[in-house]
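Observations on chain architecture
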Amino acid sequence: MTQIANEMPPNNAANEMPLQELDREQDVRNKHDLVKELLKANGWDALLLQKPCNFSWLTSGGDSSGRGMGEPLAALFITPDSRLVIANNCNSPQIFEEEIPQLGFSLKERPWTEPPHVLLDDLCRGRKVASDTGDRETIDASSEIRNLRLQLTSLERARMRIVGRHVTHAVEATARTLELGQTEAEIAGQLSHRLVHRQVTPLQMQVMVDGSGERHRHWSYSGDPLRKSCVLSAVGSRWGVCVAATRTVCFGQPSNSLTEAYQAAAMVEATGIFFSRPETLASKLFGRISRIYEKFGYEREWRLCDQGEIIGYQACELPISPTNHIPLTANMALHLHPTIGPAKLGDTILIAENGYEPLRPMEGWPQLGVSVKGVSIECPDMLVREP
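Residues numbered from 1 in each chain as written. Predicted model: local features only at pLDDT ≥ 70, side-chain atom pairs only at ≥ 80, totals over all residues. Heavy atoms only, no water.

1. With respect to the packing of helix 8 (residues 256-274) against helix 9 (residues 282-295)
At a minimum axis distance of 9 Å, the contact between helix 8 and helix 9 shows a crossing angle of 155°. With respect to helix 9, the element helix 8 is oriented roughly antiparallel. Crossing hand, helix 8 versus helix 9: right-handed. In contact with Met-267, Val-268, Thr-271 and Gly-272 of helix 8, helix 9 contributes Leu-285, Arg-288, Ile-289, Ile-292 and Tyr-293. Residues that form the contact of helix 8 with helix 9 fall into these classes: 6 nonpolar, 2 polar and 1 charged. (Axes fitted to C-alpha atoms, helices over the stretch in contact; angles between N-to-C directions. Helix = DSSP H or I, 4+ residues; strand = E, 2+ residues; numbered from the N terminus. Parallel < 35°, antiparallel > 145°, perpendicular 65-115°, else oblique. Left-handed = near helix turned anticlockwise from the far one by under 90°. Contact = heavy atoms within 4.5 Å. Nonpolar A, V, L, I, M, F, W, Y, C, P; charged D, E, K, R; others polar.)

2. What about the nonpolar core?
By size, the foremost hydrophobic cluster in this structure holds 62 residues, and its most contacted members are Met-160 and Cys-230. When residues no more than four places from it in sequence are discounted, the contact partners of Cys-230 are Leu-178, Ile-187, Val-207, Met-208, Val-209, Arg-247, Thr-248 and Val-249. Among the nonpolar cores identified, the runner-up in size contains 43 residues, and Ala-265, Met-267, Ala-282 and Ile-377 belong to it. (Core = buried A, V, L, I, M, F, W, Y, C linked by side-chain atoms within 4.5 Å. Buried < 20%, exposed > 50% of the residue type's maximum accessible area, 1.4 Å probe, protein only.)

3. Thoughts on the sheet that holds strand 10 (residues 241-251)
Strand order across the open sheet formed by 4 strands is 8-9-10-20, with mixed pairing between neighbours. The open sheet has two edge strands with one neighbour each: strand 8 (201-209) and strand 20 (383-385). Averaged over all neighbouring strand pairs, the angle between strand axes comes to 20°, with direction disregarded. The strands touched by helix 7 (residues 184-197) are strand 8 and strand 9 (229-238); relative to strand 8, the strand with the most contacts, the crossing angle is about 150°. (Pairing = 2+ DSSP bridges.)

4. Here we look at the pairing of strand 10
With 11 of 11 residues buried, strand 10 is to be regarded as a mostly interior element. Burial along strand 10 is two-sided: the face carrying Val-241, Val-243, Ala-245, Arg-247, Val-249 and Phe-251 and the face carrying Cys-242, Ala-244, Thr-246, Thr-248 and Cys-250 are both buried. Bridging between strand 9 and strand 10 involves 10 bridges; their strand directions are antiparallel. If you follow Val-235 over to strand 10, its bridge partner there is Ala-244.

This is the structure:
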C-alpha cells in the first residue's frame, strides 16, 4: 500500500530551521567523494563544472547564476585532492563571502579583463578533463553528473520542504487575493513578489485566465484581464533546489465542462502519485498516466503537453515520458502537472521507500479526495470565490 511518508516537519516559523546547524560542509565532502569515484572509474584527472545547477549541487546550495545577470559568476574545477573555484576578481568576493563561506574551496582568480577561456585552458592543459558542457575539448559527463544530482541528500530534502512551503504559499495566497479585472501580468507580479520576498527565485510562472492555457499549454502571462477563472503555476528555486505548484481559482461556480476536466486531471495526478514508487521505470509511470487519459475519453490530451518530470537542481532533470526508461528511486523528487483542456493542476512530491511525501501543506485550501486502488490521494481542488 502506498503511504504518505511521515517525514514532513511541522509547518511553523521555527521550520525555517537554522540550516547552518545542518552539516553543509559534510554534504560538500560527501559530494566530493562521489566525484572522486566518478573520476577514478573513468580514468579522468579532473571535473570542470560550469552550469549553475552543478555549482549549486556540489557547493550544497551556492549560487553562481547571478540571478539573471547573464553568464555564470563562477565555475568549479574538481580533482581528487582539491576543489577550486574559478572566478574573476569582480565576482570572487561575492562567491566566497556569500555563497560558499568556509567550505574548503580554493580560489583561482583572473582579472575581469581576461577572457574566461584563458584560465580554463591553463587548468585543463595536459589533463584528461571531463565537464558538464563538453566544451574546450573536455569529455562530456553531463549525464553522469545529472545522475548524481538526482539522489537528494537529507539536507536537500529538508530544503525542498521549505521551498515547497514557500512556493505553495505564494501560489495559493495570490489566488486568494487576486481580483477580477486584473491582468495576467499584474497577477504574475504579485506571485513573483511573494516568491522573491522569501528569497525564492521564480524560474517559471504561468498565469492563465479564462481558459487561455487550453490552446497554449506553456503560456506565461499577458495583458489579458481576468473575467472568470485563473490558473496559477510557479516553479521556484532556493539553495539551487526547485519545487513547483499549480492552483486554480474561479469566481462563482465553475462550468460543468471545467469541473469534469479538472476532476479527470486530478485522477491523472493521483494515479501518477500512487505509482511513483522506487524501481518503477519513468516510462512505465507514463503508461499508467496515459491510460487514465484514455479511460476518461481524453486520450488526445497527453499528446498536447508534457505531464511531469524528475525535478531537483533543474526544473526538469528528466521528463516522465514513454522514452525515458530510468528507474525511479527513493529520495528523488517528481513534479506532476496534468492538463485537460483549460484544467491544470500540479504538485511536487518526494519519493520515499514505502510511499511519498507531498511538498504542499494546502492549509485552508480545498482538497479533492481521489481513490486509486482503494487508497485515498488528496489533490488540490479548485478554489471558488464570490464574484
